[in-house]
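Given next are the chains, with one letter for each unit.
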Amino acid sequence: MKLWESNIIRAFVLLMLILTAYSSCLKAGFNSLDDQFSIVNNERLKDSLHAGKIFSASFFHDTHYYRPMVELSFGLEYQAFKLNPFFYHLDNIFLHAANAFLVFILISMILRNNQAAFLTALLFAVHPIQSEAVVNIAGRSILLSCFFGLISFISFLYLRRRRFKLFFYLVSIFSFLCSLLSKESAAMLPILFI
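Per chain, the residues get numbers from 1 upward, laid out in the order the sequence is written. The predicted nature of this model means local features are confined to residues of pLDDT at least 70 and side-chain atom pairs, given and counted, to a pLDDT of 80 or more, with totals for whole chains, interfaces and linings taken over all residues. Computation of side-chain values: all heavy atoms of the structure, hydrogens and water removed.

Turning next to the layout of surface pockets. Detection works on a 1 Å grid of protein atoms alone, calling trapped sets that fit a 1.4 Å probe cavities and calling open sets with protein on both sides within 12 Å along at least five of seven lines pockets, with lining residues defined by an atom within 4 Å of a point. Grid points are joined across faces, edges and corners, and a volume is the space filled by probe spheres set on the points. For the largest pocket, the calculated volume is near 280 Å³. Taken together, I142, S145, C146, G149, L150, F153, S179, K183, S185, A186, L189 and L192 make up the full set of residues lining the largest pocket. Each helix is a run of DSSP H or I of at least 4 residues and each strand a run of E of at least 2, with the numbering of both proceeding from the N terminus. With six residues, helix α9 (residues 140-158) is the single largest residue contributor to the lining of the largest pocket. Residues that form the lining of the largest pocket fall into these classes: seven nonpolar, four polar and one charged. In this structure, the second largest pocket encloses a volume near 170 Å³. Surrounding the second largest pocket, I105, S108, M109, R112, L157, Y158, R160 and R161 form its lining. Contributions of two or more residues to the lining of the second largest pocket are made by α6 (85-111) and α9. Among the elements that take part in the lining of the second largest pocket, α6 stands out by supplying three residues, more than any other. As a working rule, the residues Ala, Val, Leu, Ile, Met, Phe, Trp, Tyr, Cys and Pro are called nonpolar, Asp, Glu, Lys and Arg charged, and the rest polar, with Gly in that last group. The residue inventory of the lining of the second largest pocket, partitioned by class, reads four nonpolar, one polar and three charged.

On to the environment of A116, then. Take A116: it is sitting in helix α7 (residues 114-126). Taking relative accessible area as the criterion, A116 reaches 24% and is therefore assigned partly exposed. Each residue is assigned to one of three classes by its accessible area relative to the maximum for its type, calculated with a 1.4 Å probe on protein chains only: buried under 20%, partly exposed between the two thresholds, exposed over 50%.

What follows is about the state of the cysteines. Defined by distance alone, a disulfide is two cysteine sulfur atoms within 2.5 Å. By the definition in use, this model includes zero disulfides. C146 takes part in no disulfide bond, and the closest cysteine sulfur, belonging to C178, lies 14 Å away. On the accessibility criterion, C178 (5% relative accessible area) is buried.

What follows concerns the side chain of H89. Of note, H89 is situated in helix α6. Given a relative accessible area of 0%, H89 falls into the buried group. Setting aside residues no more than four positions away along its own chain, H89 makes contact with C25, L26, A28, G29, V135 and I137. Any two residues whose heavy atoms approach within 4.5 Å are treated as being in contact.

What follows is about helix α2 (residues 33-40). By the burial criterion, the buried members of α2 are D35, S38, I39 and V40. Seen along its axis, α2 keeps its buried residues to an arc of 155 degrees; they face one direction. Those residues of α2 that are buried are in contact with α3 (43-46), α5 (68-81) and α6. For this quantity, the arc is that covered by the directions from the helix axis to the C-beta atoms.

For this analysis, a salt bridge means a side-chain nitrogen from Lys or Arg found within 4 Å of a carboxyl oxygen belonging to Asp or Glu. In this structure the tally under the stated criterion is three salt bridges. Across the pair E71 and R44 runs a salt bridge whose closest N-O atoms are separated by 2.8 Å. With E71 in helix α5 and R44 in helix α3, this residue pair connects regions lying 27 residues apart in the sequence. Each member of the pair, E71 together with R44, is buried. Of the charged contacts, one joins E184 and R67 as a salt bridge, the two residues approaching to 2.8 Å between their closest N and O atoms. In this pair, E184 is assigned in the loop between α10 (165-180) and α11 (189-193) and R67 in the loop between α4 (51-54) and α5, connecting sequence segments 117 residues apart. According to the relative accessible area criterion, E184 is partly exposed, its value standing at 29%. Under the relative-accessibility criterion, R67 is labelled buried at 8%.

Next up, the structure:
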């Protein structure tokens, strides 16, 4: 079996495992106060003309959180699905599945062992510590920051190759900025790179 075929099978297994583990949350509504504030009662999401305001205002209308990528993702969902919580939960599940596969890629690059990388991705996929980020719609900040942070780190590792260095450098920087605009703790990524 070719490498890309086995990776497609691994991605499918991860997705099915994650869907099995988290499918019960698809029936849930907007649960937390954060959901009410950041989605249901957020007027900036309801009018696509206010999309620019997402990047000029704080997430909870205070000075502590600046997460425009999260609010942008909620805005895109609102424009497509209005206030149907099923799709917000489904997007969290798909983001988590993408993160699990990115963990597989990252670990396989570092260890050069696909079996160990797949086991690590499986553990990442079903570990209970992930449930708050996946089940809670407002946990999107963690999922997005992780997604962009993993892409940034993988791109950074690709810089060791001779081809397309500028491309991977730009992807790494852009992804880092997107991670930072999703959750403030992403500011630690450059230290991880070092």
